[in-house]
Amino acid sequence: MESRIIITKFQTTDGVIIVSDFVQPNGAKKVALLLHMMPETRSSWTSLSAELNKDGLATLAIDLRGHGESTRQSAVNSQQSETENKMDYKKFSDQEHQASRLDVDAAMNFLKSKGFAEKNILVAGASIGANLVVDAMYRYKEISRGVLLSPGLDYRGVKTESAMKGLEAAQKVWIIAAENDEYSADSTKTLAKLRPEIAKSTIYSGSDHGTYLFKSQKTLIADIVKFLQ
């Protein structure tokens, strides 16, 4: 039976309502948290999510604050419209981008409420979402595997080098970029060199960034599924 996508909402500690697509195949013991890039939304993970679900993994793809359907919480008795509560990443300060860590925290709490132990939560991200993956793995030490598509050393103040250095020996990461996406390719090489014992890196030809790599690299989705399993 095909697994059904459940549109789920949960709240961050600073009052942002995160909208997500949650899929939980029968008997799924592990779940992949998927963090998109700018200016994409949770839908950019549809193809990977479908393959993970077929392989028995649950998935949670979220709209980070300022993207897609995620909004501010309306104040009590507020007459504000949904439009007024909308958040626009294009108007964010670096500090507001960095607050996306709270979106990840809310997602982790949601998954734990669904019975997933931290050790059974996997993470994948693209661009700034990839940076949030490293940050999450540093803060949640039992996350065992992470995939980074087109990371940077610093995207809007979400930095990766210190977090990468602080990962545990049991935490494995796969870092991926395209050679002509120069900043991400250079960042990929730097991050992999920081922890060669836990990180593998792949530099593809071309210039695709983040989840756009799925279109040009035909085996990438299958390879990610294999790595996360």
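Not measured: the values here are computed from a predicted model.

Student: Help me understand the overall build of the chain, please; the structure alone is not making it clear to me.
Tutor: Of the regular secondary structure elements, the chain holds nine helices and eleven strands. For the chain, whose C-alpha radius of gyration is 17 Å, the value lies close to the compact-globule estimate of 17 Å for 229 residues. On the principal axes, the C-alpha backbone points of the chain span a range of 55 × 45 × 30 Å. A buried classification covers 52% of the 229 residues belonging to the chain. Accessible area of the chain: about 10,600 Å², with a carbon and sulfur share of 47%. Separation of charge centres in the chain, based on 29 positive and 28 negative side chains, amounts to 4 Å.

Student: Honestly, the environment of Tyr155 in this entry has me stumped. Any pointers?
Tutor: For Tyr155, the position within the fold is in strand E8 (residues 154-155). Judged by relative accessible area, Tyr155 falls into the buried class, the value being 14%. Within the structure, Tyr155 has its side chain in polar contact with the backbone oxygen of Ser150 (distance 3.2 Å). There is a polar contact of 3.0 Å between the side chain of Tyr155 and the side chain of Ser184.

Student: I tried to follow the layout of surface pockets on my own but got confused; where do I start?
Tutor: Empty space among the atoms becomes visible once a probe the size of a water molecule is rolled across them. The computed volume of the largest pocket comes to approximately 300 Å³. Taken together, 15 residues line the largest pocket, and the ones lying closest to its centre are Ile5, Val23, Ser49, Ala50 and Asn53. In terms of residues, the lining of the largest pocket owes the most to one element, helix H1 (residues 46-54), which gives five residues. Grouping the constituent residues of the lining of the largest pocket by class yields five nonpolar, five polar and five charged.

Student: Can you help me understand the packing of helix H4 (residues 100-113) against helix H5 (residues 128-139) in this one?
Tutor: To describe two helices that pack against each other, one gives the angle between their axes and the distance between the axes. Running from N to C, H4 and H5 cross one another at 55°; their axes reach a closest spacing of 11 Å. In this view, H4 runs oblique relative to H5, as classed from their interaxial angle. The chirality of how H4 crosses H5 is right-handed. In contact with Ser100, Arg101, Val104 and Asp105 of H4, H5 contributes Leu132, Asp135, Ala136 and Arg139. Here the contact of H4 with H5 is composed, by residue class, of three nonpolar, one polar and four charged.

Student: Is there a simple way to think about unusual backbone geometry in this case?
Tutor: Most of the time, phi is negative for any residue but glycine, and the peptide bond is trans. Residue Pro39 is reached from Met38 by a cis peptide bond, and omega for that bond is 0°. With respect to the helices and strands, Pro39 occurs in the loop between strand E3 (31-35) and H1. The phi dihedral of Ser127 is positive, around 55°, even though this residue is not glycine. Mapping Ser127 onto the fold places it in the loop between strand E6 (121-126) and H5. Of note, Ser150 is a non-glycine position whose phi angle comes to about 55°, a positive value. Inspection of the secondary structure puts Ser150 in the loop between strand E7 (145-149) and E8. According to the relative accessible area criterion, Ser150 is buried, its value standing at 0%.

Cut-offs applied
- Residues numbered from 1 in each chain as written.
- Predicted model: local features only at pLDDT ≥ 70, side-chain atom pairs only at ≥ 80, totals over all residues.
- Heavy atoms only, no water.
- Helix = DSSP H or I, 4+ residues; strand = E, 2+ residues; numbered from the N terminus.
- Rg over C-alpha atoms; globule rule 2.2 N^0.38 Å.
- Buried < 20%, exposed > 50% of the residue type's maximum accessible area, 1.4 Å probe, protein only.
- Areas by Shrake-Rupley, 256 points an atom, 1.4 Å probe, with all protein chains shown as cover.
- Lys, Arg positive; Asp, Glu negative; His and termini not counted.
- Charge placed at Lys NZ, Arg CZ, Asp CG, Glu CD.
- Polar contact = N/O pair within 3.5 Å; in protein donor to acceptor, adjacent residues only side chain to side chain.
- 1 Å grid on protein atoms, 1.4 Å probe; cavity = no way out; pocket = protein on both sides within 12 Å on 5 of 7 lines; lining within 4 Å.
- Points joined across faces, edges and corners; volume = space filled by probe spheres on them.
- Nonpolar A, V, L, I, M, F, W, Y, C, P; charged D, E, K, R; others polar.
- Axes fitted to C-alpha atoms, helices over the stretch in contact; angles between N-to-C directions.
- Parallel < 35°, antiparallel > 145°, perpendicular 65-115°, else oblique.
- Left-handed = near helix turned anticlockwise from the far one by under 90°.
- Contact = heavy atoms within 4.5 Å.

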